[in-house]
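A closer look at the structure
What follows is each chain in one-letter form.
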Amino acid sequence: MPIPFIEPFRIKVVEKLKVTTHEERAVALASAHNNLFAVPAEDVFVDLLTDSGTGAMSDAQWAGIMRGDESYAGARSYAHFESAVQEVTGFPYVLPTHQGRGAEGMLFQTLVKAGQIVPNNRHFDTTQANLLVLGANPVDLTVPEGDDPQADLPFKGNMDLERLEDLIRRVGAERIPIGMITITNNSAAGQPVSMDNLRQTSEIYHRYGIPFFIDACRFAENAWFIKLRDPRYRDVPVTKIVKEIFSYADGCTMSAKKDAIVNIGGFIAFRDPALKQRIAERLIVHEGFITYGGLAGRDLEALAVGLFEGVDEDYLAYRESHTRYLGQVLSEAGLPVYQPTGGHAVYVNAGLALPQIPAAQFPGVALANALYLEGGVRTVEIGSLMFSRPDPESGEMIYAPMELVRFAIPRRVYTRSHLEYVGECAAEMMKHIDAIKGLRVTRAPQVLRHFTAELEQI
Ligand code: F0G
């Protein structure tokens, strides 16, 4: 009998979870000013806030931690890291960074000036913020079906190629110092991008002389979806699919906290040695010397091992089916689940679940908070608290395209029974869904407000 897609690992170390009462959770949420980012993790039972840096490392990675070479310059662990990145991505040059946003910051600060435009299928929050603080304008061009939670299509994370070319013609290629694509498309419900779309996006950018970089956090999950959903790739090994993906780009930014299954780390990889040199100079000022970039030697070692574990096909088969299972469980509980489920997370359409709450009162936050109160499950809003901002030209408020709640699944951490428990909490919450109220912001910073905003119930 073939082994089903259950956890292809067993548990060697466990971490105790604290069981809380409804009253304790109500106190925790009130003290957090209704912002789940401010709730102590101890008061969370199943933490689906993010899949970033929350994965469980393998025995091989922990062994790597012990072997880490902490030399300031030219550490052996750097050499391991460099060759792993070269082997997996095919890019010849790499710079380590402390995490994904460090990579974005170094790349954008080197290439992008105020008033310039950076297209992407959809920028994630930190990518958008790294451009906004430079006075640049991040433009999102996901295909329209990406914002349709019902359309059961294979590659809803794709770039809208027509709108991309139209934008470049309209504003002029000289105003676009770099073009991006994000795989998988985290802010569009973790949907994958097809190989054809990656190639065509690359062709368009290159036709206009624009360097093309991939925001590659979840490249392995994206490659797995290409294998599952594009019949031409059914028999192609994931490692080869990954190489083809990167072959279309001039480089990538990577948060290794996702598909390289480490708790901290990132990198920028390149084809152009001159660009690497320019960014290296900035890196030394901000992140650290070019052979550690803000990481310890042991972090580089764990990353080098994790990159290969992240592209293991047994692991990816489990990962996809585990996430899909949570989607089923939540659908059965009666929540409107974005279809199909993504690689790293299940997204619930809070706008539809809570029609009584308008976007300006954050239905996603309301739903996430209700679920936390119900059973200590922490999720995150990916909606208008995270993404609404005034239009740079008209000043009018642009709300997020969808009001979603993301149930992100840490890698190799929770079992199916944890996911079943999340479904039970959701079913309980559904019994009083009509009574859930919207929120208003009482205090928030200008940039990345969702992390530290304080809110009150209306
Ligand atoms: N790009 C994407 C698509 C991301 O999802 C993230 C992080 C980053 C860049 C930044 O990487 O956190 O290492 O600095 N996303 C996390 C999330 C935080 O919860 O989705 P980082």
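Provided above is the structure to which this section pertains.
Overview of the structure. (Residues numbered from 1 in each chain as written. Predicted model: local features only at pLDDT ≥ 70, side-chain atom pairs only at ≥ 80, totals over all residues. Heavy atoms only, no water.)

Examining the nonpolar core
With 64 residues, the main nonpolar core has Leu198, Ile214, Phe219, Ile245, Phe267 and Leu303 as its most contacted residues. Here this core spans two domains, and each of domain 1 (22-51 + 312-457) and domain 2 (59-309) adds at least three residues to it. Aside from chain neighbours lying at most four places away, what touches Ile245 is Ile183, Met195, Leu198, Ile214, Phe219, Asn222, Ala223 and Ile226. (Core = buried A, V, L, I, M, F, W, Y, C linked by side-chain atoms within 4.5 Å. Buried < 20%, exposed > 50% of the residue type's maximum accessible area, 1.4 Å probe, protein only. Domains from an automatic or database assignment. Contact = heavy atoms within 4.5 Å.)

Let's talk about the layout of surface pockets
Put simply, the largest pocket is a space of about 1500 Å³. If you trace the largest pocket, you find 37 residues lining it, with Val13, Ala56, Met57, Arg412 and Val413 closest to the centre. When we break the lining of the largest pocket down by domain, the ones giving at least three residues each are domain 1 (22-51 + 312-457) and domain 2 (59-309). Taken as a whole, the second largest pocket spans an internal volume of roughly 770 Å³. (1 Å grid on protein atoms, 1.4 Å probe; cavity = no way out; pocket = protein on both sides within 12 Å on 5 of 7 lines; lining within 4 Å. Points joined across faces, edges and corners; volume = space filled by probe spheres on them.)

A look at helix 11 (residues 297-310)
Its 14 residues give helix 11 an end-to-end C-alpha distance of 20 Å, which sits within 8% of 20 Å, the value for a rise of 1.5 Å per residue. Counting buried positions along helix 11 gives eleven out of 14 residues, so the element sits mostly inside the fold. Restricting attention to buried positions, one finds in helix 11 the residues Gly297, Asp299, Leu300, Glu301, Ala302, Leu303, Ala304, Gly306, Leu307, Glu309 and Gly310. (Helix = DSSP H or I, 4+ residues; strand = E, 2+ residues; numbered from the N terminus. Expected span 1.5 Å × (residues − 1).)

Description of the site of the ligand
For the ligand, the set of nearby residues contains 18 residues, the closest of which are Thr50, Arg101, Ser255, Lys258 and Arg406. Thr50 has a polar side-chain atom sitting 2.7 Å from an oxygen atom of the ligand. The separation between an oxygen atom of the ligand and a polar side-chain atom of Asn186 is 2.8 Å. Mapped by element, the contributors of at least two residues to the shell around the ligand are helix 4 (100-111) and helix 5 (125-132). With three residues, helix 4 is the largest single contributor of residues to the shell around the ligand. The residue makeup of the shell around the ligand, split by class, is two nonpolar, nine polar and seven charged. (Near = heavy atom within 4 Å. Polar contact = N/O pair within 3.5 Å; in protein donor to acceptor, adjacent residues only side chain to side chain. Nonpolar A, V, L, I, M, F, W, Y, C, P; charged D, E, K, R; others polar.)

Some thoughts on the environment of Phe219
With respect to the element layout, Phe219 can be found in helix 8 (residues 219-229). Residue classification places Phe219 among the buried positions, given a relative accessible area of 1%. Those residues within four positions of Phe219 in sequence are excluded, and the remaining contacts are Val88, Ile183, Val242, Ile245, Phe246, Met254, Asp259, Leu307 and Val311.

A closer look at empty space enclosed by the protein
This structure, assessed with the given rule, holds two cavities of 30 Å³ or more. In this structure, the largest cavity encloses a volume near 120 Å³. Forming the boundary of the largest cavity are 14 residues, of which Asn35, Leu36, Phe37, Val365 and Glu381 lie nearest the centre. Ranked by the residues each element gives to the lining of the largest cavity, the list is headed by helix 14 (residues 363-375), at three residues.

So, the sheet that holds strand 7 (residues 251-255)
The strand order across the open sheet built from five strands is 2-8-7-6-5, with neighbouring strands paired in mixed fashion. What marks the edges here is a single partner per strand, and that holds for strand 2 (93-97) and strand 5 (179-182). Adjacent strand axes in the sheet meet at a mean angle of 20°, parallel and antiparallel pairs treated alike. Pairing between strand 6 (residues 212-215) and strand 7: three bridges, direction parallel. Bridged to Asp215 within strand 7 is Thr253. Packing against the sheet, helix 7 (residues 195-207) makes contact with strand 5 and strand 6, and its axis sits at approximately 145° to strand 6. (Pairing = 2+ DSSP bridges. Axes fitted to C-alpha atoms, helices over the stretch in contact; angles between N-to-C directions.)

So, unusual backbone geometry
Working note: non-glycine residues mostly have negative phi, and peptide bonds are mostly trans. Here the residue pair Ile183 and Thr184 is connected by a cis peptide bond, since its omega of -20° sits within 30 degrees of zero. Counting through the fold element by element, Thr184 comes out in the loop between strand 5 and helix 7. Residues Gln339 and Pro340 are joined by a peptide bond in cis, for which omega reads -15°. Considering the arrangement of structural elements, one finds Pro340 in the loop between helix 12 (313-332) and strand 9 (345-349). With a phi close to 50°, Ile261 is a non-glycine residue in the positive phi region. Mapped onto the fold, Ile261 is located in the loop between strand 7 and strand 8 (266-270). Here Ile261 falls in the buried class, since its relative accessible area comes to 2%.

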